[in-house]
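Notes for the structure review
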Amino acid sequence: MQLRIHRFIPYTNAEGPGKRACVWVQGCPIHCKGCGVPWTWSFKGGTLVSIDDVFDWIMESKATHDIEGVTFLGGEPFEQAEALAHLGQKIKQTKLSIMTFSGYYREQLDTMNKKGTDELLNVTDLFIDGPFIQEQLDTSRPWVGSANQRYHFLTDTYRHLEANIEQMPNRLEISLSQEGTIQVNGMATPEQLEKLLKGL
Ligand code: SF4
């Protein structure tokens with residue numbers, strides 16, 4: 001089974017609780033106005049990779065960077081729910097946690113009958129749902145960009161965060177590769193980003 005991914009990030013501290021690997025899938029039909037990653041919309045872009053390869057990368061991250069979990073984001077993860085659920089089942093056997101984003105609301109997913117939806121939710125510890133709504137821009141909460149987006153604690157793994165989630169800071173992570181390219185993870189308004197990158 002294969003996944004179409006935009007990129008794989010071996011570790012980051014900005015896409016969920018603790019240090020995590022990120023599987024950034026390619027393809028999103030939702031097209032939110034103001035989406036920060038429109039290059040992940042195309043279902044023809046990105047790279048096709050086998051689940052086994054992605055799993056191997058994750059195990060390498062676990063060994064090298066001591067990650068506590070994996071985050072699935074996009075793009076729209078539930079457009080590839082079946083493949084991500086398979087990958088998630090393998091990941092869960094290693095005791096890593098799973099966080100999954102969706103631009104669909106949970107209620108929408110329940111009526112869409114996308115193959116693998118229940119299985120993907122079953123392996124997910126922390127689920128964040130809802131599209132980015134530009135008019136409700138709010139980067140004050142962790143990992144989300146607009147006020148409509150919701151946190152669902154589907155297992156006990158991160159339930160201890162639930163009561164104080166609104167007080168947790170959002171993070172922005174900027175890394176510079178050896179080749180000189182800049183990679184940004186996390187949430188910020190375009191104005192905040194412009195200000196930050198100007199200083200680099
Ligand atoms: S769901 Fe996410 S990736 Fe898709 S358009 Fe909205 S913000 Fe962008």
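None of the values given here were measured: they were computed from a predicted structure.

In this section: the site of the ligand. In the vicinity of the ligand, the residues found are Cys28, Ile30, His31, Cys32, Cys35, Val37, Trp41, Gly74, Gly75, Gly103 and Phe132. Looking at the shell around the ligand, its residues break down into 7 nonpolar, 4 polar and no charged.

Attention now goes to the environment of methionine 59. By the secondary structure assignment, methionine 59 is in helix H1 (residues 51-65). Sequence separation between methionine 59 and alanine 21 is 38 residues, and the spatial gap between their C-alpha atoms is 9.7 Å. Those residues in contact with methionine 59 that sit more than four places away from it in its chain are Thr94 and Leu96.

This part is about the packing of H1 against helix H2 (residues 81-92). Taken N-terminus to C-terminus, the directions of H1 and H2 make an angle of 40°; their axes are 10 Å apart at the nearest point. Here H1 lies oblique to H2, going by the angle between them. Crossing of H1 against H2: the hand is right-handed. Across from Ile51, Asp52, Val54, Phe55 and Ile58 in H1, the residues of H2 making contact are Ala83, His86, Leu87, Lys90 and Ile91. Of the residues that constitute the contact of H1 with H2, the class distribution is 7 nonpolar, 1 polar and 2 charged.

What counts, and at which threshold
Residues numbered from 1 in each chain as written. Predicted model: local features only at pLDDT ≥ 70, side-chain atom pairs only at ≥ 80, totals over all residues. Heavy atoms only, no water. Near = heavy atom within 4 Å. Nonpolar A, V, L, I, M, F, W, Y, C, P; charged D, E, K, R; others polar. Helix = DSSP H or I, 4+ residues; strand = E, 2+ residues; numbered from the N terminus. Contact = heavy atoms within 4.5 Å. Axes fitted to C-alpha atoms, helices over the stretch in contact; angles between N-to-C directions. Parallel < 35°, antiparallel > 145°, perpendicular 65-115°, else oblique. Left-handed = near helix turned anticlockwise from the far one by under 90°.

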